[in-house]
Amino acid sequence: SLYKLSLTCSTTITIMENLLKFSQYTPNVLKAFNYIKANLNASYFYDLAISTYALQLGFKAGFVDKPTFQHFYDQLMKQSSETHDELHWNIPGYDRDYMNSYALLTIQNVDLAKASKIVNYIFNTGTSETSDAIPSYFELVRSTTKSMNIRLKSDSGLSFSAKVNSVNIFAVSYTHLTLPTIYSV
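Residues numbered from 1 in each chain as written. Predicted model: local features only at pLDDT ≥ 70, side-chain atom pairs only at ≥ 80, totals over all residues. Heavy atoms only, no water.

Draft legend 1. Representation of the overall build of the chain in the model. Tallying secondary structure elements over the chain gives eight helices and four strands in all. When the helices and strands of the chain are read in sequence order from the N terminus, they spell out α-α-α-α-β-β-α-α-α-β-β-α. Across the 185 residues that make up the chain, the buried fraction comes to 42%. Here the analysis covers contacts within the chain between residues at least 6 apart in sequence; of these, 60% occur between residues at least 24 apart. As displayed, the chain offers around 10,300 Å² of accessible surface, 54% of which is attributable to carbon and sulfur atoms. (Helix = DSSP H or I, 4+ residues; strand = E, 2+ residues; numbered from the N terminus. Buried < 20%, exposed > 50% of the residue type's maximum accessible area, 1.4 Å probe, protein only. Contact = heavy atoms within 4.5 Å. Areas by Shrake-Rupley, 256 points an atom, 1.4 Å probe, with all protein chains shown as cover.)

Next up, the structure:
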């Protein structure tokens, strides 16, 4: 079936994100990871993005070995576009929001600096409201970072600065800015 791999990944991700609730499905999860590894074709980007996230969750839980995860992670990264401030995927024929959200969910657990470049891209394109990955990223930053200074600056020179910490991260992330152009973090 055309959607069997992505449906397998979606189900596996749901179980892995709630493994304590669904521990009775561990044998099925192992079968699912074997299916994902055997059927993943890196030329179908959506399958690569969602599968790499599923494999990353499996690697963190000890269900997938590092070389397997690393292979598909490297394939995902090869298809990215990176600048000094941004990292993103823009593959014709694929939904940009889904691609970058699944990539963010994967990469935030591997390289927080690269993940911040994806977040920067998502905010600069105005799609942050549709990205399910943004709250996960902010929660990860909140739980792993004591504090950081951020500065948003528009091309016209207007700026906003804040010290972000575990107490105010969500307030700062939802601050409405009226800067007229693109921001960089």
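Draft legend 2. Broad picture of the pattern of salt bridges. By the definition in use, this model includes two salt bridges. Note that Lys117 is salt-bridged to Glu82, the shortest N-O span being 2.9 Å. Of the two residues, Lys117 is situated in helix H6 (residues 112–124) and Glu82 in strand S1 (residues 81–82); the sequence distance between them amounts to 35 residues. Several salt bridges converge on common partners, so that one network encompasses Glu82, Lys114 and Lys117. (Salt bridge = Lys/Arg side-chain N within 4 Å of Asp/Glu carboxyl O.)

Draft legend 3. Structural view of the packing of helix H3 (residues 45–61) against helix H5 (residues 96–107). Contact pair H3 / H5: the axes reach a minimum separation of 9 Å and the direction vectors enclose 20°. By the angle class used here, H3 and H5 are roughly parallel. As for the relative orientation of H3 and H5, their crossing is left-handed in sense. Seen from H3, the contacting residues are Phe45, Tyr46, Ala49, Ile50, Thr52, Tyr53 and Gln56; seen from H5, they are Tyr98, Met99, Tyr102, Leu105 and Thr106. Residue composition of the contact of H3 with H5, grouped by class: nine nonpolar, three polar and no charged. (Axes fitted to C-alpha atoms, helices over the stretch in contact; angles between N-to-C directions. Parallel < 35°, antiparallel > 145°, perpendicular 65-115°, else oblique. Left-handed = near helix turned anticlockwise from the far one by under 90°. Nonpolar A, V, L, I, M, F, W, Y, C, P; charged D, E, K, R; others polar.)

Draft legend 4. Examining the packing of aromatic side chains more closely. Under the criterion given, the structure shown has six aromatic pairs. When the centroid spacing of 6.0 Å and the interplanar angle of 45° are considered together, the rings of Phe22 and Tyr25 count as tilted. We classify Tyr25 as partly exposed; its relative accessible area is 36%. Plain terms: the ring middles of Phe69 and Tyr73 are 5.6 Å apart, the flat faces sit at 40° to each other, and that makes the pair tilted. Here Phe69 pairs with Tyr73, and both are found in helix H4 (residues 66–78), just four residues apart, close to one helical turn. An identical accessibility class is assigned to Phe69 and Tyr73; each is buried. Members of the aromatic cluster, each reached through a chain of ring pairs, are Tyr46, Tyr53 and Tyr102. (Phe/Tyr/Trp six-rings, centres within 6.5 Å; stacked < 30°, edge-to-face > 60°.)

Draft legend 5. Representation of the environment of Asn109 in the model. Mapped onto the elements of the fold, Asn109 is located in the loop between H5 and H6. Taking the C-alpha atoms as reference, Asn109 lies 9.8 Å from Tyr53; in sequence the two are 56 residues apart. Ignoring anything within four residues of it in the chain, the contact list for Asn109 reads Gln56, Lys60 and Leu140.

Draft legend 6. View of the side chain of Asn124. Relative to the assigned elements, Asn124 resides in helix H6. According to the relative accessible area criterion, Asn124 is buried, its value standing at 16%. In terms of polar contacts, Asn124 uses its side chain to reach the side chain of Glu86, at 2.7 Å. (Polar contact = N/O pair within 3.5 Å; in protein donor to acceptor, adjacent residues only side chain to side chain.)

Draft legend 7. Broad picture of the nonpolar core. Counting 42 residues, the largest nonpolar core has Phe33, Phe45, Trp89, Leu104 and Ile107 as its most contacted members. Ranked by residues supplied to this core, first place goes to H3 with eight residues. Those residues in contact with Phe45 that lie beyond four places of it in its chain are Leu76, Gln79, Trp89, Ile91, Tyr94 and Met99. (Core = buried A, V, L, I, M, F, W, Y, C linked by side-chain atoms within 4.5 Å.)

Coordinates in, geometry out; function isn't part of it.
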